[in-house]
Amino acid sequence: MSIAEQAVTGTQPDVRTYTSFIGGRFEDAGSDADLIEVRDPATWRVIGRIADAGPAGIDRAVVASEAAWPAWKATPARERAALVEQLADRLAEHQDEIARLDALDTGNPLVAMRADIAKGIHQMHEAAGLAFETKGETIPLPGLHYTTREPWGVVARMVTFNHPAMFTAARIATALITGNCVIVKPSELAPLSPLAIAEITAGIVPDGVINVVAGGPATGGAIAAHPRILRITFTGSTPTALKIQAAAAASGRVKSMTFELGGKNPIVVFPDVDLDETAAAIVRGMNYARVQGQSCGATSRLIIHRDIAEAVLERVVERTRRIRIGMPVDPETEMGAMITKSARSRVVDMVQRATGDGARVLTGGNAIEEGELGAGAFLEPTVVDRVARGSELADVEVFGPVLAALTFETEDEALAMANDGPFGLTAAIWTKDIDRAFRMANAIETGYVWINDVETRFPAVPFGGWGDSGVGLEHGLEEVLSMTRVKAVNVRLR
Ligand code: NAD
């Protein structure tokens with residue numbers, strides 16, 4: 001039975017061992033493989049195991065990629081684009097199964113995961129459409145000077161657990177369209193849909209062009225340390241990114257790396273806004289629905305003018321309490337379970353420490369431990385105000401359903417608060433004053449800024465963090481170009 005079929009049967013999949021997809025086939029688990037349990041966050045049942053690929057598995061994936069690369073690189077861009085379109089079309093035939101697999105494996109609501117895989121497929125088509133944009137330039141100098149954009153060869157893409165299928169689909173497409181072979185490493189917490197994507201699309205591109213390795217930190221570390229993987233992209237936390245940089249340096253090779261990391265993203269609200277509209281946006285920006293606040297770009301730090309704080313927070317609390325928490329597969333569910341129970345405990349502890357710092361919990365803050373949801377990693381959507389500037393909850397990423405509210409009086413103060421802390425991923429500015437909106441957008445130190453919006457992002461627009469939120473860009477033409485390296489050719493004309 002295929003990986004996806006197991007999910008759509010509606011029964012719990014067997015506790016099967018899933019292995020890496022390398023060189024066009026799933027490997028044998030081997031008797032001495034390290035096994036990592038995969039759980040359904042909503043029931044906490046073990047739904048499978050993965051055999052950790054480890055350094056030997058990564059080496060096999062590199063060898064398979066290298067074997068496939070010369071022919072793949074030589075494939076005309078137009079044919080590569082047609083094949084990426086075929087990959088997208090094949091996934092489209094299986095989108096419901098993939099969405100169910102993600103709901104089962106991540107705890108995210110099924111409705112959200114349906115939207116996720118649809119977005120991933122959309123991004124594959126966009127990448128295919130950019131095939132001819134990977135062109136070079138000529139420079140007007142004596143002779144002929146031109147540049148070309150060449151693939152790296154083997155590209156490793158480590159994706160995280162909050163959007164496994166969407167990230168896998170999109171990251172494969174941009175690597176392939178530019179002539180690279182790809183090694184995808186999903187999170188050990190949500191590996192099933194990336195492996196299913198390999199299974200569903202098998203045979204469309206030559207063996208070794210797409211590899212999906214199953215594994216945990218040891219496998220990620222092996223990617224960073226491998227001497228022949230020179231281009232790596234990583235989506236995850238800042239501390240892990242630092243370990244990857246250290247392991248890459250220790251490999252003795254100079255590597256090109258893109259990091260898409262965490263955030264503690266401000267939403268700055270001035271007193272001239274419409275209170276109801278803004279309250280709705282504050283709740284939406286938290287991404288309580290879809291991913292239980294486990295969203296890198298969530299505007300989880302509300303910086304609101306003192307004069308309207310109480311009125312807006314009242315509305316925010318009222319809306320937050322209306323969010324329907326439930327089993328992920330229920331189509332009515334808006335908010336599912338957190339990825340693990342330990343992630344939930346970390347969040348509950350942070351909220352408790354914040355109250356010790358003088359903060360006040362306006363709603364939520366509790367694990368749900370009774371009834372149908374009691375077995376899973378469910379947590380109430382939480383709003384905390386009176387958060388002190390400089391405190392843990394003001395500066396540290398929660399990566400869970402907790403909104404931290406702080407107040408300000410002047411624009412200068414609001415800007416300084418927005419730029420507090422080490423992160424710089426997203427920011428939102430809410431005001432009707434056009435001058436103030438652009439002043440703030442210019443001065444805020446983040447890679448992405450909304451004016452009078454939150455959460456909505458279009459895949460054609462580049463996305464990347466400043467500071468500890470990352471290096472490099474994903475999405476749009478920038479991601480496609482980042483999968484290439486530039487060669488300059490100097491021709492002496494005689
Ligand atoms: P994480 O850093 O804990 O783990 C990410 C992955 O790293 C895991 O799959 C793990 O196997 C691997 N890993 C662990 N140790 C490693 C090591 N030493 N070397 C190499 N790999 C190693 O992050 P997470 O909890 O999976 O994801 C949450 C984080 O991701 C949050 O900080 C969130 O903001 C961020 N995120 C960022 C974006 C973005 O686009 N900026 C998107 C989604 C999530």
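### So, the site of the ligand
Working step 1: Close contacts around the ligand come from 26 residues, with Thr 160, Glu 188, Ser 237, Thr 240 and Glu 397 the closest.
Working step 2: In this structure, Gly 236 approaches the ligand through a main-chain N or O atom, which is 3.1 Å from an oxygen atom.
Working step 3: Computed on the free molecule, the ligand has an accessible area of 870 Å², of which 87% lies beneath the protein chains in the complex.
Working step 4: Looking at the shell around the ligand, the elements with two or more residues in it are α8 (217-225), β11 (231-235) and α9 (238-250).
Working step 5: Among the residues forming the shell around the ligand, the class breakdown is 10 nonpolar, 11 polar and five charged.
Working step 6: When residues are assigned to domains, the shell around the ligand turns out to be shared by domain 1 (3-261 + 469-488) and domain 2 (266-458), each giving three or more.

### Quick notes on α8
Working step 1: Among the residues of α8, Thr 219, Gly 220, Ala 222, Ile 223 and Ala 224 are the ones counted as buried.
Working step 2: Buried residues belonging to α8 abut α2 (54-74), β8 (154-158), β9 (181-185), β11 and α9.

### Description of the sheet that holds strand β7 (residues 144-151)
Working step 1: A sheet is described by the order of its strands in space; here three strands give the open sequence β6-β7-β23, paired in antiparallel fashion. One side of each edge strand has no neighbouring strand; the edge strands of this open sheet are β6 (138-139) and β23 (484-491).
Working step 2: In the sheet, β7 pairs with β23 via eight bridges, with the strands oriented antiparallel. Residue Thr 147 lies in a different strand from β23, and its bridge partner there is Ala 488.

### What about a nonpolar patch on the surface?
Working step 1: Side chains of Leu 144, Tyr 146 and Leu 493 sit close together on the surface and give an oily, nonpolar patch of about 270 Å² of accessible area.
Working step 2: Within the fold, Tyr 146 resides in strand β7.

### Concerning the nonpolar core
Working step 1: If you look at the biggest cluster of nonpolar residues, it comprises 59 residues, and the most contacted ones within it are Leu 91, Met 124, Leu 176, Val 205, Val 209 and Ile 210.
Working step 2: A per-element tally of this core places helix α6 (residues 164-177) first, with nine residues.
Working step 3: Non-local contacts of Ile 210, meaning those with residues more than four positions away in its chain, are made with Phe 21, Leu 87, Ile 172, Leu 176, Val 182 and Val 205.
Working step 4: Judged by nonpolar contacts, the second largest core, of 33 residues, contains Val 348, Phe 399, Ala 404 and Ala 418.

### Some thoughts on the pairing of β8
Working step 1: Burial analysis of β8 places five of its five residues in the buried class, the great majority of the element.
Working step 2: Burial of β8 is two-sided: the residues Val 154, Ala 156 and Met 158 facing one way and the residues Val 155 and Arg 157 facing the other way are all buried.
Working step 3: Two elements, β8 and β9, share five bridges in a ladder whose sense is parallel. Counted as the bridge partner of Val 154 is Cys 181 from β9.
Working step 4: One crossover worth recording links β8 to the parallel β9 by way of α6, and it is right-handed.
Working step 5: When β8 meets β11, the two strands line up parallel, connected through four bridges. Within β11, the position partnered with Met 158 by the bridge is Phe 234.

### Here we look at the sheet that holds strand β5 (residues 46-51)
Working step 1: The mixed open sheet is built from three strands, whose spatial order is β1-β5-β4. The open sheet has two edge strands, β1 (16-18) and β4 (35-39), and neither has a second partner. Strand-to-strand twist in this sheet, taken as the mean axis angle between neighbours without regard to direction, amounts to 35°.
Working step 2: As defined by bridge partners, β1 adjoins β5 across three bridges and the pair is classed as parallel.

### Let's talk about the pairing of β5
Working step 1: Summarising the sheet, β4 and β5 pair through five bridges and their orientation is antiparallel. For Arg 39, the partnering residue across the bridge sits in β5 and is Val 46.
Working step 2: The hairpin turn running from β4 into β5, its antiparallel successor, is six residues long, and Trp 44 in that turn takes a positive phi close to 70°.

### Some details on the packing of aromatic side chains
Working step 1: All told, the structure shown has six aromatic pairs when counted by the stated rule.
Working step 2: Ring geometry for Phe 161 versus Phe 399: centroids 5.8 Å apart, planes at 80°, classification edge-to-face. Here the residue Phe 161 occupies a position in the loop between β8 and α6, and Phe 399 occupies one in the loop between α14 (392-395) and β17 (402-408), the gap between them amounting to 238 residues.
Working step 3: With a centroid separation of 5.4 Å and an interplanar angle of 75°, the aromatic rings of Phe 270 and Phe 408 are classed as edge-to-face. Here Phe 270, found in the loop between β13 (266-269) and α10 (275-285), pairs with Phe 408, found in strand β17; they are 138 residues apart in sequence, far enough to count as distant.
Working step 4: Aromatic ring contacts, followed pair by pair, group Tyr 448, Trp 450 and Phe 463 into a single cluster.
Working step 5: Its guanidinium or amino end placed over the ring of Tyr 448, Arg 457 lies 6.0 Å from that ring's centre, counting from NZ or CZ.

### Quick notes on the pattern of salt bridges
Working step 1: Scanning the entire structure with this criterion turns up 23 salt bridges.
Working step 2: In this structure, the salt-bridge partner of Asp 96 is Arg 100, at a minimum N-O distance of 3.1 Å. Taken together, the positions of Asp 96 and Arg 100, both in helix α4 (residues 95-106) and four residues apart, correspond to about one turn of that helix.
Working step 3: Note that Arg 360 is salt-bridged to Asp 385, the shortest N-O span being 2.7 Å. Here Asp 385 lies in strand β16 (residues 382-385) and Arg 360 lies in strand β15 (residues 360-363), a separation of 25 residues in the sequence.
Working step 4: Here Asp 385 falls in the buried class, since its relative accessible area comes to 8%.

What counts and how
Residues numbered from 1 in each chain as written. Predicted model: local features only at pLDDT ≥ 70, side-chain atom pairs only at ≥ 80, totals over all residues. Heavy atoms only, no water. Near = heavy atom within 4 Å. Polar contact = N/O pair within 3.5 Å; in protein donor to acceptor, adjacent residues only side chain to side chain. Areas by Shrake-Rupley, 256 points an atom, 1.4 Å probe, with all protein chains shown as cover. Helix = DSSP H or I, 4+ residues; strand = E, 2+ residues; numbered from the N terminus. Nonpolar A, V, L, I, M, F, W, Y, C, P; charged D, E, K, R; others polar. Domains from an automatic or database assignment. Buried < 20%, exposed > 50% of the residue type's maximum accessible area, 1.4 Å probe, protein only. Contact = heavy atoms within 4.5 Å. Pairing = 2+ DSSP bridges. Patch = residues over 30% accessible without salt bridge, like charges linked within 9 Å, V, L, I, M, F, W, Y side chains within 5 Å. Salt bridge = Lys/Arg side-chain N within 4 Å of Asp/Glu carboxyl O. Core = buried A, V, L, I, M, F, W, Y, C linked by side-chain atoms within 4.5 Å. Right-handed = clockwise from strand over helix to strand, strands pointing away. Axes fitted to C-alpha atoms, helices over the stretch in contact; angles between N-to-C directions. Phe/Tyr/Trp six-rings, centres within 6.5 Å; stacked < 30°, edge-to-face > 60°. Lys NZ or Arg CZ within 6 Å of the ring centre and 35° of its normal.

Just distances and angles here, no functional claims.
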